[in-house]
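Spelled out from the first residue to the last, the chains are:
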Amino acid sequence: GFECERALALFDAVGKSGVVPRSPDMFGAALRACERSGEWKEAVHLLRTMVDVRVPIITIAYNVVISACGGTGEWRKAFQLVADMADRKMDRDVITYTSAIRPCQKSGYWM
């Protein structure tokens, strides 16, 4: 969506300028824009970029990406992200699990 594209363009411009380091807050703002626009693939890519550039990832960042997947019915990806959090020994909360379950409802899939 347009909001995600604009946020990612600004995010890239700021990152390339070197004026402001890419922070968890900057990533979070871009992730939320992707979530609101339904751009789950872009959100997953940003989350992976956070790992690559060693920006601390908190539960909220994963929750936003899981929610982005949930908004488009991508239940497999949402569950994979919850598993990633477990592998990283990250805390999961009620938002994590409800965001992962939501795509199951949308797709009609229940385990």
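Residues numbered from 1 in each chain as written. Predicted model: local features only at pLDDT ≥ 70, side-chain atom pairs only at ≥ 80, totals over all residues. Heavy atoms only, no water.

A. Spotlight on helix α1 (residues 2–17). When the terminal C-alpha atoms of α1 are compared, their 23 Å separation across 16 residues agrees well with the 22 Å that a helix rising 1.5 Å per residue should span. The set of residues buried in α1 consists of C4, A7, L8 and F11. The arc enclosing the buried residues of α1, seen along the axis, measures out at 100 degrees, which places them on a common side. Across α1 from its buried face, at more than 90 degrees, point the exposed residues F2, E5, R6, L10 and K16. Those residues of α1 that are buried lie in contact with α2 (24–37) and α3 (40–52). The first or second residue beyond α1 is G18, which carries a positive phi of 75 degrees. (Helix = DSSP H or I, 4+ residues; strand = E, 2+ residues; numbered from the N terminus. Expected span 1.5 Å × (residues − 1). Buried < 20%, exposed > 50% of the residue type's maximum accessible area, 1.4 Å probe, protein only. Arc of directions from axis to C-beta. Contact = heavy atoms within 4.5 Å.)

B. Structural detail: the packing of aromatic side chains. Per the counting criterion, the structure on display carries one aromatic pair. Relative to F79, the ring of W75 lies with its centre 6.0 Å away and its plane at 80 degrees, an arrangement referred to as edge-to-face. Linking W75 with F79, this pair stays in helix α5 (residues 75–87), spanning four residues, or about one helical turn. (Phe/Tyr/Trp six-rings, centres within 6.5 Å; stacked < 30°, edge-to-face > 60°.)

C. Broad picture of unusual backbone geometry. The phi dihedral of R54 is positive, around 60 degrees, even though this residue is not glycine. Relative to the helices and strands, R54 is located in the loop between α3 and α4 (59–70). Residue R54 is classed as exposed on the basis of its relative accessible area of 73%. For K89, which is not a glycine, the phi torsion comes out positive at approximately 60 degrees. Note on placement: K89 falls in the loop between α5 and α6 (94–107). We classify K89 as exposed; its relative accessible area is 71%.

D. A look at the pattern of salt bridges. For the structure on display, the rule yields one salt bridge. One salt bridge connects D84 with R48, and the closest N-O pair in it is separated by 2.8 Å. With D84 in helix α5 and R48 in helix α3, this pair connects stretches of sequence that are 36 residues apart. Residue classification places D84 among the buried positions, given a relative accessible area of 16%. We classify R48 as partly exposed; its relative accessible area is 26%. (Salt bridge = Lys/Arg side-chain N within 4 Å of Asp/Glu carboxyl O.)

E. Representation of the nonpolar core within the structure. If you look at the biggest cluster of nonpolar residues, it comprises 29 residues, and the most contacted ones within it are L31, L46, L47, M50 and L81. Of all elements in the fold, only α1, α2, α3, α4 and α5 reach the threshold of two or more residues within this core. Look past the residues within four positions of L46 in its chain and what remains in contact with it is L8, F11, F27, A30, L31 and C34. (Core = buried A, V, L, I, M, F, W, Y, C linked by side-chain atoms within 4.5 Å.)

F. Up close: α5. Compared with the 18 Å implied by 1.5 Å per residue over 13 residues, the 18 Å span of α5 between its first and last C-alpha is a close match. When α5 is considered as a whole, its buried residues turn out to be W75, K77, A78, L81, V82, D84 and M85. Positive backbone phi, at 60 degrees, marks K89, one or two positions downstream of α5.

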